[in-house]
Amino acid sequence: MKYCYSYVEQCQPKNFPVTFRMYQLNLDGNDGRVYQKYRDTYPNFTETV
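Structure report, in brief. (Residues numbered from 1 in each chain as written. Predicted model: local features only at pLDDT ≥ 70, side-chain atom pairs only at ≥ 80, totals over all residues. Heavy atoms only, no water.)

1. Comments concerning the packing of aromatic side chains
Here's step 1: Applying the stated criterion to the full structure yields 3 aromatic pairs.
Here's step 2: Taking the centre distance of 6.5 Å and the plane angle of 50° together, the rings of Y5 and Y7 count as tilted. Accessibility classification places Y5 together with Y7 in one group, the buried group.
Here's step 3: Ring geometry for Y7 versus F20: centroids 5.5 Å apart, planes at 20°, classification stacked. Placement of Y7 in strand β1 (residues 2-11) and of F20 in strand β2 (residues 16-24) is noted, with a sequence separation of 13 residues between them. (Phe/Tyr/Trp six-rings, centres within 6.5 Å; stacked < 30°, edge-to-face > 60°. Buried < 20%, exposed > 50% of the residue type's maximum accessible area, 1.4 Å probe, protein only. Helix = DSSP H or I, 4+ residues; strand = E, 2+ residues; numbered from the N terminus.)

2. What about the pairing of β2?
Here's step 1: Looking at chain direction, β1 and β2 are connected through 9 bridges and run antiparallel. Its bridge partner lying in β2, C11 is registered against F16.
Here's step 2: Two successive antiparallel strands, β1 and β2, enclose a turn made up of 4 residues, where N15 displays a positive phi of approximately 55°. (Pairing = 2+ DSSP bridges.)

This is the structure in structure tokens:
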């Protein structure tokens, strides 16, 4: 499992920011591939690798 990135999303219903960390485990051995959905959806990144 490898850390990929962090992003900030507003938590509902209390409306406060929450930082989520994206970790990924590629079972096919392709460690360069990273799931991009959250990266494309949420522009507020705090860290990237």
